[in-house]
Amino acid sequence: MKITKKTLVYDISNLAYVIADTGFAEPHKLHQLRDICEAGNIDRVARLLGLAYSKALTVLSPVVSDCVPSASHDFSLSVRDYRFPLKRCGAARRLTPQRKLEMKETVREFMVCHVLADWLDITMPEVAESWRNRAGECIDRLSSMVNELSAGVFRRKLSPF
């Protein structure tokens with residue numbers, strides 16, 4: 001699985017604009033919210049995306065390969081995509097294409113919500129909690145997906161001996 005940084009930044013800035021557009025705060029706060037992905041602020045967004053990526057990798061560790069490229073762990077602006085290389089055996093083999101897509105979109109949603117929750121803590125603390133809750137729901141959903149895959153099939157022998 002691969003999620004490009006460009007699409008994440010687009011989603012973050014788009015949602016921040018919508019939140020600011022529907023917000024009832026003072027104009028200066030709304031201006032700060034809209035500027036989330038502008039020069040200077042993008043550094044913080046990049047670090048938060050890196051942190052969210054690490055959290056997602058931790059949750060997905062049973063299905064993600066141990067050989068994650070080292071460049072993926074670089075939290076700087078040079079990262080272009082976040083990769084989640086799936087294992088070729090075990091629980092990851094049971095992932096259907098639909099389940100892979102659901103997992104990828106849930107990771108994307110988590111990363112976006114994580115960044116927005118942190119930024120809103122600074123600019124509009126009154127709405128930050130709902131985004132933090134959404135990020136938590138995404139992590140819970142990912143965790144349950146991984147647990148379903150890890151459970152596997154239990155077989156018993158028919159012989160009592």
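Residues numbered from 1 in each chain as written. Predicted model: local features only at pLDDT ≥ 70, side-chain atom pairs only at ≥ 80, totals over all residues. Heavy atoms only, no water.

Visitor: Is there a simple way to think about the pattern of salt bridges in this case?
Guide: Pairs can form between side chains of opposite charge once their charged atoms are near each other. Scanning the entire structure with this criterion turns up nine salt bridges. Two residues, Glu129 and Arg132, come together in a salt bridge whose shortest N-O distance is 2.7 Å. Of the two residues, Glu129 and Arg132 are both situated in helix α5 (residues 125–151); the distance of three residues between them amounts to about one turn of the helix. A residue is classified by how much of its surface remains accessible, and Arg132, at 32% relative accessible area, is partly exposed. One salt-bridge network, held together by shared partners, links Asp11, Glu105 and Arg108. (Salt bridge = Lys/Arg side-chain N within 4 Å of Asp/Glu carboxyl O. Helix = DSSP H or I, 4+ residues; strand = E, 2+ residues; numbered from the N terminus. Buried < 20%, exposed > 50% of the residue type's maximum accessible area, 1.4 Å probe, protein only.)

Visitor: How should the environment of His31 be read in this particular structure?
Guide: Assignment of secondary structure puts His31 in helix α2 (residues 27–34). Spatially, the C-alpha atoms of His31 and Thr123 are 9.3 Å apart, while their sequence positions differ by 92 residues.

Visitor: Which parts of the structure should I look at to understand the packing of aromatic side chains?
Guide: Two measures describe an aromatic ring pair: the distance that separates the ring centres and the angle between the ring planes. Tallied over the entire structure, the rule returns two aromatic pairs. Arranged with centres 5.2 Å apart and planes meeting at 45°, the rings of Tyr53 and Tyr82 form a pair that is tilted. Highlighted residues: Tyr53 in helix α3 (residues 42–59) and Tyr82 in strand β2 (residues 81–83), separated in sequence by 29 residues. In this structure, Tyr53 and Tyr82 share a single accessibility class: buried. Ring geometry for Tyr53 against Phe84: centres 5.1 Å apart, planes inclined by 65°, an arrangement best described as edge-to-face. With a gap of 31 residues between them, Tyr53 in helix α3 and Phe84 in the loop between β2 and α4 (97–123) connect regions that are remote in the sequence. Like Tyr53, the residue Phe84 is buried in the burial classification. (Phe/Tyr/Trp six-rings, centres within 6.5 Å; stacked < 30°, edge-to-face > 60°.)

Visitor: What should I look at first to understand the packing of helix α1 (residues 5–22) against α4 in this one?
Guide: For any two helices packed against each other, the geometry is given by the interaxial angle and the distance between the axes. Between α1 and α4, the least distance of the axes is 10 Å, while the angle of their chain directions is 50°. By the angle between their directions, the pair α1 and α4 is classed as oblique. The interaxial crossing formed by α1 with α4 has right-handed handedness. For the pair α1 and α4, contact is made by Thr7, Leu8, Asp11, Ile12, Leu15, Ala16 and Ile19 and by Arg108, Met111, Val112, Val115, Leu116 and Leu120, respectively. Among the residues forming the contact of α1 with α4, the class breakdown is 10 nonpolar, one polar and two charged. (Axes fitted to C-alpha atoms, helices over the stretch in contact; angles between N-to-C directions. Parallel < 35°, antiparallel > 145°, perpendicular 65-115°, else oblique. Left-handed = near helix turned anticlockwise from the far one by under 90°. Contact = heavy atoms within 4.5 Å. Nonpolar A, V, L, I, M, F, W, Y, C, P; charged D, E, K, R; others polar.)

Visitor: What should I look at first to understand the nonpolar core in this one?
Guide: The tendency in soluble globular proteins is for nonpolar side chains to be buried as a group. Ranked by size, the top nonpolar core spans 48 residues in total, and within it Ile12, Ile36, Leu49, Leu60, Phe84 and Met111 carry the most contacts. Per element, the largest residue contribution to this core is 11 residues, and it comes from α4. With residues near it in sequence (within four places) discarded, Ile36 still touches Ile12, Ser13, Ala16, Asn41, Ile42, Val45, Val115, Leu116 and Trp119. (Core = buried A, V, L, I, M, F, W, Y, C linked by side-chain atoms within 4.5 Å.)

Visitor: What should I look at first to understand the side chain of Thr106 in this one?
Guide: With respect to the helices and strands, the residue Thr106 is situated in helix α4. Sequence-distant contacts of Thr106, that is, excluding residues within four places in its chain, are made with Cys138, Arg141, Leu142 and Met145.

Visitor: Mind showing me how you'd approach the confidence of the model for the protein here?
Guide: Residue-level pLDDT values for the protein average 82, and 80% of them are 70 or greater. Mean pLDDT across the elements of the protein bottoms out in α2 (71) and peaks in α4 (92). (pLDDT = per-residue confidence, 0-100.)

Visitor: When you look at α3 in this model, what are you seeing that I'm missing?
Guide: Owing to its 3.6 residues per turn, the α-helix aligns residues three or four sequence positions apart on the same side. Taking 1.5 Å per residue as the helical rise, α3 with its 18 residues ought to reach 26 Å, and the 26 Å between its terminal C-alpha atoms agrees with that figure. The complete set of buried residues in α3 reads Ile42, Val45, Ala46, Leu48, Leu49, Gly50, Ala52, Tyr53, Ala56 and Leu57. As for α3, its buried residues are in contact with α1, β2 and α4. (Expected span 1.5 Å × (residues − 1).)

Visitor: Would you take a moment to explain the state of the cysteines for this structure?
Guide: The bond known as a disulfide is covalent and runs between the sulfur atoms of two cysteines. Counted under the stated rule, the structure contains zero disulfides. Between Cys113, a cysteine without a disulfide, and Cys138, which holds the nearest cysteine sulfur, the sulfur-to-sulfur distance is 5.1 Å. By relative accessible area, which is 0% here, Cys113 ends up buried. Residue Cys138 is classed as buried on the basis of its relative accessible area, which comes to 2%. (Disulfide = S-S within 2.5 Å.)

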